[in-house]
Amino acid sequence: MFNRKSIYALNKKDSNALVYTDADGNLIRLTRDDFASEEEFLCWKKVSDADYHGEEKADHLYYDGTLSLEGLSEEAIAVPSAEEGYIAEIDLSERQLLGKLLLQGMGDKLTELQRTRLWLYCVDGLSEQAIAEKYGVDQQRVSKSIVAAKKKIKKFLKKRG
């Protein structure tokens with residue numbers, strides 16, 4: 001969207017002055033009288049118009065969502081998976097507690113598959129995606145298995161406690 005109060009717009013609108021902001025953000029106008037000659041003024045006016053136009057164009061590319069991804073590093077355009085975001089939010093103490101329960105024999109309440117996947121997830125610290133790739137299954141299947149294992153352990157602890 002074009003900003004009528006941008007420096008580019010103000011500078012372009014005022015053909016008899018160079019408009020810019022100083023370091024403190026104050027709006028400054030240099031008129032033709034501030035230059036030694038008409039040629040010098042016109043030269044600097046052309047330079048400032050071109051410079052501000054370039055800035056305005058870059059802003060439009062960015063804010064209009066048309067910025068080319070070409071030339072950006074892969075880290076800049078990489079989007080973390082939903083799983084990575086979820087793992088970052090999980091309280092580490094939950095993983096540690098589940099790992100301790102597995103070491104204390106709680107794992108015998110689980111199926112072999114649940115125990116293995118929960119172990120890899122909690123003790124070895126693998127992501128659900130890494131476990132899925134290791135065994136050639138979908139990440140969703142691993143996630144469901146881990147959730148089911150957690151539910152079984154919680155249910156057992158409630159009965160016991």
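In this report, we go over the structure that sits alongside the text.

Definitions and limits used
- Per chain, the residues get numbers from 1 upward, laid out in the order the sequence is written.
- Local features in a predicted model are, by the rule used here, given only for residues with pLDDT of at least 70; side-chain atom pairs are given and counted only at 80 or more, and totals for whole chains, interfaces and linings are based on all residues.
- Side-chain calculation: all heavy atoms of the structure are included, whereas hydrogens and water are not.
- Three labels apply to residues, based on accessible area from a 1.4 Å probe with only protein chains included: buried if under 20% of the type maximum, exposed if over 50%, partly exposed otherwise in between.
- Labels follow the DSSP assignment, with helices taken as runs of H or I lasting at least four residues and strands as runs of E lasting at least two, numbered in each case from the N terminus.
- To be clear, the arc concerns the directions from the helix axis to the C-beta atoms.
- Take the buried residues of types Ala, Val, Leu, Ile, Met, Phe, Trp, Tyr and Cys, join any two whose side-chain atoms come within 4.5 Å, and each joined set is a nonpolar core.
- Residue contacts are defined here by distance: any two heavy atoms, one from each residue, within 4.5 Å place the two residues in contact.
- Helix axes use the C-alpha atoms of the stretch in contact, all axes being lines fitted to C-alpha atoms, and the angles between their N-to-C directions lie in the range 0 to 180 degrees.
- Just so you know how the angles are binned, under 35 degrees is roughly parallel, over 145 roughly antiparallel, 65 to 115 roughly perpendicular, and the rest oblique.
- Residues are grouped as follows: Ala, Val, Leu, Ile, Met, Phe, Trp, Tyr, Cys and Pro are nonpolar; Asp, Glu, Lys and Arg are charged; every other residue, Gly included, is polar.

1. Structural notes on helix α7 (residues 128-135)
Part 1 of the argument: Here α7 has its buried residues at Glu128, Ile131 and Ala132. Within α7, the buried residues cover an arc of 100 degrees as seen down the axis, which keeps them to one side. Residues of α7 that are exposed and angled more than 90 degrees away from the buried face: Glu133 and Lys134.

2. What to know about the nonpolar core
Part 1 of the argument: Residues Leu110, Leu118, Ile131, Ile146 and Ile153 are the most contacted members of the largest nonpolar core, which totals 15 residues.
Part 2 of the argument: Every element with two or more residues in this core is listed here: α5 (92-103), α6 (112-122), α7 and α8 (139-160).
Part 3 of the argument: In contact with Leu110, other than residues within four places in its own chain, are Leu102, Arg115, Leu118, Ala149, Lys152 and Ile153.

3. Side note on the environment of Val147
Part 1 of the argument: Mapped onto the elements, Val147 comes out in helix α8.
Part 2 of the argument: In the structure, Val147 is positioned 29 residues away from Leu118 in sequence and 8.9 Å away in space, judged by C-alpha atoms.

4. Thoughts on the side chain of Lys45
Part 1 of the argument: Examined against the element boundaries, Lys45 turns out to sit in helix α2 (residues 38-63).
Part 2 of the argument: Excluding residues that lie within four positions of it along the chain, Lys45 makes contacts with Asn11, Asp14, Ser15, Ala17 and Leu18.

5. A closer look at the packing of α6 against α8
Pairs of packed helices are described in terms of their axes, by the angle between the two and the distance that separates them.
Part 1 of the argument: For the pair α6 and α8, the least separation of the axes is 9 Å and the interaxial angle reads 100 degrees. Taken together, the axis directions place α6 and α8 in an arrangement best described as roughly perpendicular. Here α6 contributes Leu113, Gln114, Arg117, Leu118 and Tyr121 to the contact with α8, which in turn contributes Arg141, Val142, Ser145, Ile146, Ala148, Ala149, Lys150, Lys152 and Ile153.
Part 2 of the argument: Across the contact of α6 with α8, the residue classes tally to eight nonpolar, two polar and four charged.

Keep in mind these values describe shape, not function.
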